[in-house]
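Now for the letters of each chain:
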Amino acid sequence: MAMEEGALSCLLRSRTVLEQDIKASYLMDHMISDGVLTVDEEERIRSESTRRDQAVALLELLLRKDNRAYISFYNALVRESYGDLANLLHNNLPLVSPEAHKSFSDGGTPYVQTVLSEGGVPQRPVVFVSRPELVNRVRQKLYRLQKESGWVTVFGMAGSGKSILAAEAVRDHALIEECFPGGVHWLSIGQLDKPDLLVKIQSLCFRLEQSQDPQSVHRPPSSLDEVKERLRFLMLRRYPRCLLILDDIWDSSVLKAFDIQCRMLLTTRDRSLADSVSGAKYEVAVESGLEEDKALEILSLYVNNKPQRLPDEARSIVRECKGSPLVVSLIGALLREFPSRWSYYLRQLQQKQFKRIRKSSSYDYDALDQAMAASIQVLADEHRELYKDLTVLEKDVKVPAKVLSVLWDLEPEEVEDVLQEFVNKSLLFRDCHHRPYLYYLHDLQLDFLAEQNRSQLESLHTKVVRQYQQYYREGPPTSGDKECLYWIRFLTYHMAKANLSQELYSLMFSLDWVRTKAQIMGPAHLINDYVEYGTILDKEEKAGLEVHLFSFSTPCNFVD
């Protein structure tokens, strides 16, 4: 079926501007996912030598396609932050015929496709695997907003798939029809300053006003207070039962600009942000990583092969990715371009070469290390230094706040406040099944910290030992609680990593230490230490013996 005349005319009018500004390679990923562009067509467009030539080729092809291609192209513009260009096409969005709904890769009805397209909700990514349990949890919370305004917060660490989950949750006919018949509107936020935030909300208000009355012309609000009031009026009077999705919120001051008593879904790395606004609040934590079979499915889709036919390196890559959807997708996108590099990318992951794992898609950060670093950079300077101290923790080890109180030389209450901030920002995880609470890092976060602070590892471990020695100068702890167990189990590890060989030797042959460790942890742990650090102990014993022999063999000069 040919494209509607109005949509076709709009494309022709906007063609010159679009060709000047768009990057076709970013948009084509989404259009392939929607099934409106073939891989062969993509390759022909990519064969053009310049960015502009690729844009011209894409537009020429689009003009020969149907309504679904127009909608897919519009959605791709919104997803890739070409909001001004998407606005050029918005008023001429065609309706999708009912008989065409089966060809949509999203599986949504024509009604869902139209609502989400008009609201700028992103399409499914090029490679998509379902996470039904998490999606259903988000939908259950959204149903709570059926009869009242409020906030649903989807939070988790960098690369956990929050945005995709949010978009997938609203891709449901019954949910939209019953809860949000006024529409669903998506706004990508990120780390905005006030001027950029003003422009972002101005654009949203313009879109909402044009949808109701294309002929209306209003003076753009000139301040954040004014634009907040305009948005409040639109949402309460004209769109009383719509959902506004705020993607990737970082700052509570930004969130307050949307505190207008309407229905909100937000994605963030900071769990505590919703505390700054009023209304009913619900949350969904995205803590768990992908299961191995889901991660293998992603890789197989990227390289166009069946999971069981992937090379042996595939499972090793999945294990190194620690279940992170972001890392698996980055590696998959790279393998799609370089299908013979399985061993190479596995080595990069094993060696923690995050800077070399660079994107070939339109993710906000150019490399994995930038995505991780962005979360840390929002911390206050003194808290960044405290977070760096966590580099010394062992993987899969959970620590009580008291251990960090010793390390940081802070009161327990101060430590709990700092840890709460780290947990809120998805920089740290808390095990609430124990009292006192235990804290731990995701393997990926530990790997990143170790890579970032590689040159300081010895000094960081030395700090742990010195803080312990200062706090327990009267002797090792003997209480047997979680804090005591940590020191009894891991002090030798920190000494070895700090290269404090003499002090390690003295500790492990101290009767007080041997007695305490044997009583609290049993002889097996004690014996394991002597096995694990036997090489260091042998060297120290040999060095001590050589010093003793040297002193014994040196002639003494007697004075008459």
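Residues numbered from 1 in each chain as written. Predicted model: local features only at pLDDT ≥ 70, side-chain atom pairs only at ≥ 80, totals over all residues. Heavy atoms only, no water.

With respect to the packing of helix 20 (residues 401–408) against helix 21 (residues 412–424)
So, step 1. Viewed as axis vectors pointing N to C, helix 20 and helix 21 meet at an angle of 110°, and their least axial separation amounts to 9 Å. Of the possible angle classes, the one that applies to helix 20 and helix 21 is roughly perpendicular. On helix 21, the residues touching Ala-401, Leu-404, Ser-405 and Trp-408 of helix 20 are Pro-412, Val-415, Glu-416, Val-418, Leu-419 and Phe-422. (Axes fitted to C-alpha atoms, helices over the stretch in contact; angles between N-to-C directions. Helix = DSSP H or I, 4+ residues; strand = E, 2+ residues; numbered from the N terminus. Parallel < 35°, antiparallel > 145°, perpendicular 65-115°, else oblique. Contact = heavy atoms within 4.5 Å.)

Points about the sheet that holds strand 6 (residues 399–400)
So, step 1. If you trace the 3 strands from one edge of the open sheet to the other, you get 6-8-7, paired in antiparallel fashion. What marks the edges here is a single partner per strand, and that holds for strand 6 and strand 7 (429–431).
So, step 2. Bridge count between strand 6 and strand 8 (residues 438–440): 2 bridges; the pairing is antiparallel. When the bridges of strand 8 are listed, Val-399 appears paired with Tyr-439. (Pairing = 2+ DSSP bridges.)

Quick notes on the pattern of salt bridges
So, step 1. For the coordinates displayed, the defined rule picks out 19 salt bridges.
So, step 2. Salt-bridge contacts for Glu-19 lead to Arg-52; the nearest nitrogen and oxygen are separated by 3.8 Å. Of this pair, Glu-19 sits in helix 1 (residues 5–21) while Arg-52 sits in helix 4 (residues 51–62); the two residues are 33 residues apart in sequence, bridging distant segments of the chain.
So, step 3. Between Arg-68 and Asp-66 there is a salt bridge whose closest N-O contact spans 3.8 Å.
So, step 4. Of the residues examined, Arg-68 reaches a relative accessible area of 15% and is grouped as buried. (Salt bridge = Lys/Arg side-chain N within 4 Å of Asp/Glu carboxyl O. Buried < 20%, exposed > 50% of the residue type's maximum accessible area, 1.4 Å probe, protein only.)

A word on the environment of Leu-27
So, step 1. Checked against the element boundaries, Leu-27 lands in helix 2 (residues 24–33).
So, step 2. Its relative accessible area of 0% is what places Leu-27 among the buried residues.
So, step 3. Setting aside residues no more than four positions away along its own chain, Leu-27 makes contact with Ile-22, Leu-58, Phe-73, Ala-76, Leu-77, Glu-80 and Tyr-82.

Brief notes about the pairing of strand 3 (residues 243–249)
So, step 1. A large share of strand 3 lies buried, amounting to 7 of its 7 residues.
So, step 2. Pairing geometry for strand 2 (residues 184–190) and strand 3, over 6 bridges, is parallel. Across the sheet, Gly-190 pairs through a bridge with Ile-249, a residue of strand 3.
So, step 3. Of the strand pairs in this sheet, strand 3 and strand 4 (residues 263–268) are connected by 5 bridges, and their pairing is parallel. Bridging from a neighbouring strand, Leu-244 pairs with Met-264 of strand 4.

Side note on the sheet that holds strand 2
So, step 1. Overall, parallel pairing links the 5 strands, which are arranged 2-3-4-1-5 in an open sheet. The sheet is open, and its two edges are formed by strand 2 and strand 5 (280–285), each paired on a single side. Between one strand axis and the next, the sheet turns by 15° as a mean value, whatever way the strands run.
So, step 2. Its contacts with the sheet put helix 9 (residues 162–169) on strand 1 (150–155), strand 2, strand 3 and strand 4, and the angle it makes with strand 4 is roughly 155°.

A short note on unusual backbone geometry
So, step 1. Backbone geometry at Asn-304 places phi at a positive 55°, although glycine is not the residue there.
So, step 2. Within the element layout of this structure, Asn-304 appears in the loop between helix 14 (292–303) and helix 15 (313–320).
So, step 3. For Asn-499, which is not glycine, the phi torsion reads 65° and is therefore positive.

Some remarks on the packing of aromatic side chains
So, step 1. Here the structure, examined in full by the defined rule, presents 12 aromatic pairs.
So, step 2. Aromatic pair Phe-509 and Tyr-530: ring centres 5.9 Å apart, planes at 50°, arrangement tilted. Of this pair, Phe-509 sits in the loop between helix 25 (501–508) and helix 26 (511–521) while Tyr-530 sits in helix 27 (residues 523–532), and the two are 21 residues apart along the sequence.
So, step 3. Classification of Phe-509 as partly exposed rests on a relative accessible area of 48%.
So, step 4. In textbook terms, an aromatic cluster arises when at least three aromatic residues are bridged by ring pairs, as seen for Tyr-468, Tyr-471, Tyr-472, Tyr-486, Trp-487, Phe-490 and Tyr-493.
So, step 5. For the cation-ring pair, Arg-341 lies above Phe-338, with the distance from its terminal atom to the ring centre recorded as 3.9 Å. (Phe/Tyr/Trp six-rings, centres within 6.5 Å; stacked < 30°, edge-to-face > 60°. Lys NZ or Arg CZ within 6 Å of the ring centre and 35° of its normal.)

Section: the environment of Ile-176
So, step 1. When you line up the elements, Ile-176 lands in helix 10 (residues 173–179).
So, step 2. Judged by relative accessible area, Ile-176 falls into the buried class, the value being 0%.
So, step 3. Considered as a pair, Ile-176 and Gln-146 are 30 residues apart in the sequence and their alpha carbons are 9.7 Å apart.
So, step 4. With residues up to four places along the chain from it excluded, the contact list for Ile-176 reads Tyr-111, Val-112, Val-115, Leu-116, Val-170, Pro-181 and Val-184.

Structural notes on the environment of Ala-7
So, step 1. If you trace the backbone, Ala-7 turns up in helix 1.
So, step 2. Classification of Ala-7 by relative accessible area gives buried; the value is 1%.
So, step 3. Residues Ala-7 and His-90, 83 residues apart in the sequence, show an inter-C-alpha distance of 9.4 Å.
So, step 4. Apart from residues no more than four positions distant in its own chain, Ala-7 is found in contact with Tyr-70, Asn-92 and Pro-94.

Let's talk about the confidence of the model for the protein
So, step 1. Looking at the protein, the pLDDT average stands at 82 and 89% of residues meet or exceed 70.
So, step 2. Across residues 359–363, confidence stays below pLDDT 50; counting only partners more than four residues off in sequence or on other chains, it has 16 contacts.
So, step 3. Within the model, the stretch residues 547–554 combines pLDDT values under 50 with 0 contacts to residues more than four positions away or in other chains. (pLDDT = per-residue confidence, 0-100.)

Considerations on the packing of helix 16 (residues 325–337) against helix 17 (residues 342–350)
So, step 1. Two elements in contact, helix 16 and helix 17, have axes whose closest approach is 10 Å; the angle formed by their N-to-C orientations is 150°. One finds that helix 16 runs roughly antiparallel with respect to helix 17. For the pair helix 16 and helix 17, the sense of crossing is right-handed. Note on element contacts: helix 17 touches helix 16 through Trp-342, Tyr-345 and Leu-349, opposite Val-327, Ile-331, Leu-334 and Leu-335. (Left-handed = near helix turned anticlockwise from the far one by under 90°.)

Remarks on the nonpolar core
So, step 1. Leu-299, Ile-331, Tyr-387, Leu-390, Trp-408, Leu-419 and Phe-422 are the most contacted members of the largest nonpolar core, which has 76 residues in total.
So, step 2. Sorting elements by how many residues they give to this core places helix 24 (residues 482–497) first, with 8 residues.
So, step 3. Once residues within four sequence positions are removed from consideration, Tyr-387 is found in contact with Ile-376, Leu-379, Phe-422, Leu-427, Leu-441, Gln-445 and Leu-449.
So, step 4. If you look at the next biggest cluster of nonpolar residues, it comprises 34 residues, including Leu-11, Met-28, Ala-55 and Ala-76. (Core = buried A, V, L, I, M, F, W, Y, C linked by side-chain atoms within 4.5 Å.)

Here's the deal with a negative patch on the surface
So, step 1. Together, Asp-409, Glu-411, Glu-413, Glu-414, Glu-416 and Asp-417 make up a negatively charged patch on the protein surface.
So, step 2. Relative to the elements of secondary structure, Glu-414 occurs in helix 21.
So, step 3. Judged by relative accessible area, which is 41%, Glu-414 ranks as partly exposed. (Patch = residues over 30% accessible without salt bridge, like charges linked within 9 Å, V, L, I, M, F, W, Y side chains within 5 Å. Areas by Shrake-Rupley, 256 points an atom, 1.4 Å probe, with all protein chains shown as cover. Lys, Arg positive; Asp, Glu negative; His and termini not counted. Charge placed at Lys NZ, Arg CZ, Asp CG, Glu CD.)

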